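Fold and contact review
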Amino acid sequence: MVDDYGIQELMQREVYIGEKLVGIVVGERFHPRDELVQSMRIEVSPEVAQQYMRKPAGLAPLPKELVHSIRPDGKIKLSKSMRELQRRWRNTVRIEEQLYAPDELLDRAILDNDGIDIGNVIDLIKIKRTYKGLLVKPHFMIRARNNLPETIAVPCGQLAKTTARLDEVILKCSFSRLVTLPSYLKLNSDDVIFDDDDLE
């Protein structure tokens, strides 16, 4: 249903499940591939965030497939229950007190806090039903210079912020520091058992 509307038509509209205000649409990811823009960004109602999130977040993804229609009063009606939206929000990554769906992170550039472009996100890593890291394909020069494998796992705890227009994720530390952190070493060791892709 949402495909019938451009994001500009949905911006700043209130989102409802039944008579409960979920939040307000504030935008979506900038990316040329439609399959990586499956979610809109919403500013979540504080009451809903408090009640339906493990830890309240101000901004969160709203899967476009959950949009049912625009009501006669101009508000967006969702097709699912709060329980389904809560389930979707559990399947996210928290960065800077905001929640991000997997489709909002795939193919983003990863930069360290010195601005060095490390590589791009090719997958997310889930351990015990929680996202613990981003699987990154380092650029050739970064790989060669640091003797890295084809992919590395970057811990979610080291993600500082995102940039909207440039579609980047910025790390909390430098790359040279990242590869010495216990969380990085553990996530990239052979001892870690990742969840299957189809495990929700």
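Computed from a predicted structure; not experimentally measured.

1. Notes on the pairing of strand β11 (residues 130-138)
Direction of pairing for strand β10 (residues 117-127) relative to β11: antiparallel, over a ladder of eight bridges. Bridging from a neighbouring strand, I125 pairs with G133 of β11. As paired elements, β11 and strand β12 (residues 152-155) share four bridges and run antiparallel to each other. For L135, the partnering residue across the bridge sits in β12 and is A153.

2. Considering the sheet that holds β11
Read from one edge to the other, the open sheet built from six strands follows the order β12-β11-β10-β9-β14-β13, with strand pairing classed as mixed. Edge positions in the sheet fall to β12 and β13 (159-163), since each has one partner strand and no second. Recorded for the sheet is a direction-independent mean angle of 40 degrees between the axes of neighbouring strands. Inspection of the sheet shows β13 paired to strand β14 (residues 168-171) by four bridges, in the antiparallel sense. Looking at the pairing, L159 lines up with L171 of β14.

3. Re the confidence of the model for the protein
When pLDDT is low, close inspection of the predicted coordinates is not appropriate. Summary statistics for the protein give a mean pLDDT of 89 and a share of 92% for residues scoring 70 or more. Ranking the helices and strands of the protein by mean pLDDT puts β12 first, with 97, and helix α1 (residues 7-10) last, with 76.

Here is what the cut-offs are and how they apply
Residues numbered from 1 in each chain as written. Predicted model: local features only at pLDDT ≥ 70, side-chain atom pairs only at ≥ 80, totals over all residues. Heavy atoms only, no water. Pairing = 2+ DSSP bridges. Helix = DSSP H or I, 4+ residues; strand = E, 2+ residues; numbered from the N terminus. Axes fitted to C-alpha atoms, helices over the stretch in contact; angles between N-to-C directions. pLDDT = per-residue confidence, 0-100.

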